[in-house]
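# Results of the structural survey
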Amino acid sequence: MIFRSSVALLLCVLSANALAETESFVFYRQDTQIGRLVVEVDGNAAKIDFDIKDNGRGPTVAETLTLDAEGLPGDWKITGTQTFGGKIDEAFRRRGATSNWKDSGGPGSAKGASKLYIAQSASPWALQLYARAILKAGGPLDVLPGGTLALTKGERLTLKGAAGELAVTRYDLTGLDLNPTIMLLDDANRLIALPSASGGMVRTGFEGENARLRKLAADWQSARWAVLQRESAKRFDGPVRIVNVRLFDPVAKQLTAPMSVVVNGRTISGVQPVDSPATPGETVIDGAGGTLVPGMFEMHGHLGESGAMLNLLAGVTGVRDMGNSNSVLDALDRRIIAGEVAGPRIVRSGFVEGKSPFSANNGFVVDSEARAVEAVRWYAARGFTAIKIYNSVNPQWVPALVAEARRLGLRVMGHVPAFTSADAMIAAGYDEITHINQLALGWIIKPGEDTRTLFRLTALGRLSGLDLDSAAVQSTLDTMKDKGIALDPTIGIHENLLLNRDGSVAPGATDYFANMPIGVQRDLKQAWSNPDTFGGDASAKVAFDKLMDLLRRAHAKGIFIVPGTDTGGSLTYHRELELLVKAGFTPAEALARATLEMARYLGIDQTTGSVERGKRADFFLIPGDPTRDIKAIKTVSLVAKDGVFYLPTEVYPRLGIKPFVAAPKITGSGKD
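Residues numbered from 1 in each chain as written. Predicted model: local features only at pLDDT ≥ 70, side-chain atom pairs only at ≥ 80, totals over all residues. Heavy atoms only, no water.

### Considerations on empty space enclosed by the protein
Convention followed: Detection works on a 1 Å grid of protein atoms alone, calling trapped sets that fit a 1.4 Å probe cavities and calling open sets with protein on both sides within 12 Å along at least five of seven lines pockets, with lining residues defined by an atom within 4 Å of a point. Grid points are joined across faces, edges and corners, and a volume is the space filled by probe spheres set on the points. Amino acid classes used here: Ala, Val, Leu, Ile, Met, Phe, Trp, Tyr, Cys and Pro are nonpolar; Asp, Glu, Lys and Arg are charged; the rest, including Gly, are polar.
Applying the stated criterion across every chain yields a total of 5 cavities of 30 Å³ or more. Approximately 50 Å³ is the volume found for the second largest cavity. Every residue along the wall of the second largest cavity is listed here: Val416, Pro417, Phe419, Thr420, Ser421, Gln438, Leu441, Gly442, Ile445, Glu449 and Thr451. Along the lines of polarity and charge, the residues of the lining of the second largest cavity split into 5 nonpolar, 5 polar and 1 charged.

Right, dumping it as structure tokens:
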């Protein structure tokens, strides 16, 4: 879990005459403690220490604040670093009717407006303040620097702690992000827990409730997405005919003439001339001359229920999950298959990590070669198609992992473990290298340097001195080409890491920034990293240019490029394809790679990947021509997956997103 600024904020407000006290909270990834929040409160002043480290990274935040007579911040200072090392230097001050603040977007001020300021980079100690302010107002509350927060009261439950039982109430806070923040407050409106299906935060003394709270959070979140599925999924009676559309043909890499596509149940029952007559009882969808594109495949996901719906609305009908809580992913997959929640078809990769102080707490975290091999067997028996090896795996174990995976029919891919190289992992039997930085590290780091930390990213500052024509680089690329080793570059996440700057919209988000809720917009104007860690702004930009050049050369050499994001997919997947075009793909080649070629790579091209009779009805409708401009895929008006239809215009507003394009006209006796 990455605790981004707009999703986790909380403040415990005490009266000015209260005695000094310390409050503390524990953060979890599954059953593993990954961080702490300690708050020292003295009267109307508070000092906050917040730190999370998971997978060798995480935010470190220090805050000081003073409360006014109403219990709201009068002065608030927030400093520290974000998950990937970006600087935090935020301040708020209110005097009388005037509020002034400074965040990553620069200075701001307001007079006579709401007194409640929503911090951009605060620790998770501010949510309680927001909850109390909304409860006091009796309803939704306009806040600074913009937006409206609302609080929905849920059920009561009893927690068991070290000091006995405690009654708490569930509240859902909305308006900060695309999803509600679930919190548990006691009867004094003190924060007790922030439950999450993958972990979350709990007040010290209630650590024994972690497993139970994870289960409750999963149930609560699933119930929300189940309601959204029931109210937005369109299952029509009889056939559905989409008329006046051109199809993207991923084999010819061009658009067809205008056609009609007929769907019956889960499958495409016909691809017919545009003037073919409808049969009685059909639902007709007017494509209005637009383009019907096969569903795309996000090849580097870590899927949850929110991401499942968001990917589907963006035309991504398939996701290769690259590491998750095995139980959480299994439950999600079952619910999607059963039609209880919306989501893409999932192709699962088994996550294998070595035990170390820097472990990523997903999948199996093992402490021996024997246990690593056991994990491979576990994954194979449960239908996983590949294993993903991670940073802390002992490189000496890899040949045994590869051998067992081969015996059981699984592919092998992943990061390059610490203290080895991409060349060594290719020799050991990798089928695919995950992340372009993992490929490049072997050419720029020194023996003994530890890539289990953020160093695997900050070392990219050395790329300015790398000659891509050198024998070492060319040897690796030639070997990948000769052995058929694929590359999953996730180039978009490197763009965010190296090019995002405070106060400027992230380069990859310019086309959707204005459609997002205020909290997401603030995140999109915040740097992920500190450019100084790469040697300065210019060096960071050179590093990204060098990665793009490396990707361009890899593609030109014939290395198979796999499009994935590691940033949630959905709208960021569109950017990934844009960057592939910048790296030498034509728009049609990028779209073919995202559709049929990925279905073939995953071994499911007989049932999906193109719009053909007999295949699953997985596709999306756009008004433009993506073979001329890849950006056309960003205006999705209709999505079908397994013959169930979704209109983004209906779902996006419920997530706080402004739709990008109007819905098509739907008529006929089969309309629900």
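### Let's talk about unusual backbone geometry
Backbone phi values are negative for most residues with the exception of glycine, while trans is the configuration of most peptide bonds. Note the following rule: By the criteria applied, helices consist of DSSP H or I runs no shorter than four residues and strands consist of E runs no shorter than two, each listed in order from the N terminus. Throughout, exposure labels follow a simple rule: accessible area from a 1.4 Å probe, protein chains only, divided by the maximum for the residue type, with under 20% read as buried, over 50% as exposed, and the rest as partly exposed.
Looking along the chain, the bond that leaves Leu144 and enters Pro145 is cis, with omega of 5°. Relative to the assigned elements, Pro145 resides in the loop between β9 (141–142) and β10 (148–161). Despite not being glycine, Thr490 shows a phi value in the positive range, around 40°. Take Thr490: it is sitting in the loop between β28 (486–488) and α11 (491–499). One non-glycine residue, Asp566, lies in the positive phi region at around 65°. For Asp566, a relative accessible area of 22% corresponds to the partly exposed category.

### Some words on the packing of aromatic side chains
Which entries qualify depends on this criterion: To pair, rings of Phe, Tyr and Trp, with the six-membered ring standing in for Trp, must have centres within 6.5 Å; the planes then decide the type, stacked if under 30 degrees apart, edge-to-face if over 60, and tilted in the middle. Lysine NZ or arginine CZ positioned within 6 Å of the ring centre and within 35 degrees of the ring normal marks a charge as sitting over the ring.
Following the criterion strictly, the structure yields 15 aromatic pairs and no others. Residues Trp76 and Tyr117 carry aromatic rings whose centres are separated by 6.3 Å and whose planes lie at 80° to one another, so their mutual orientation is edge-to-face. Here Trp76 is found in strand β5 (residues 73–81), whereas its partner Tyr117 is found in the loop between β8 (106–111) and α1 (127–137), with 41 residues between them in sequence. Owing to a relative accessible area of 3%, Trp76 belongs among the buried residues under this scheme. Ring geometry for Trp101 against Tyr117: centres 5.8 Å apart, planes inclined by 35°, an arrangement best described as tilted. Remark: Tyr117 occurs in the loop between β8 and α1 and Trp101 occurs in strand β7 (residues 98–103); sequence separation between them is 16 residues. For the pair formed by Trp101 and Tyr117, the shared burial category is buried. One aromatic cluster in this structure is built from Trp76, Phe92, Trp101 and Tyr117. The cationic tip of Arg224 hangs over the ring face of Trp225; the distance from NZ or CZ to the ring centre is 4.8 Å.

### What to know about the nonpolar core
Basically, it comes down to this: Among buried residues, those of type Ala, Val, Leu, Ile, Met, Phe, Trp, Tyr and Cys that are joined through side-chain atoms within 4.5 Å constitute a nonpolar core.
By size, the foremost hydrophobic cluster in this structure holds 119 residues, and its most contacted members are Met296, Ile387, Ile433, Leu439, Leu487 and Leu577. In terms of residue count, helix α13 (residues 537–557) provides more of this core than any other element does, 8 residues in total. By size, the runner-up hydrophobic cluster in this structure holds 46 residues, among which are Leu37, Tyr117, Leu144 and Leu191.

### What to know about the layout of surface pockets
The volume enclosed by the second largest pocket comes to roughly 530 Å³. Contributing elements (two or more residues each) for the lining of the second largest pocket: β17 (259–264), α4 (326–338), β23 (345–354) and β31 (644–646). Ranked by residue count, the leading element in the lining of the second largest pocket is α4, at 4 residues. Split by residue class, the lining of the second largest pocket holds 17 nonpolar, 8 polar and 7 charged.

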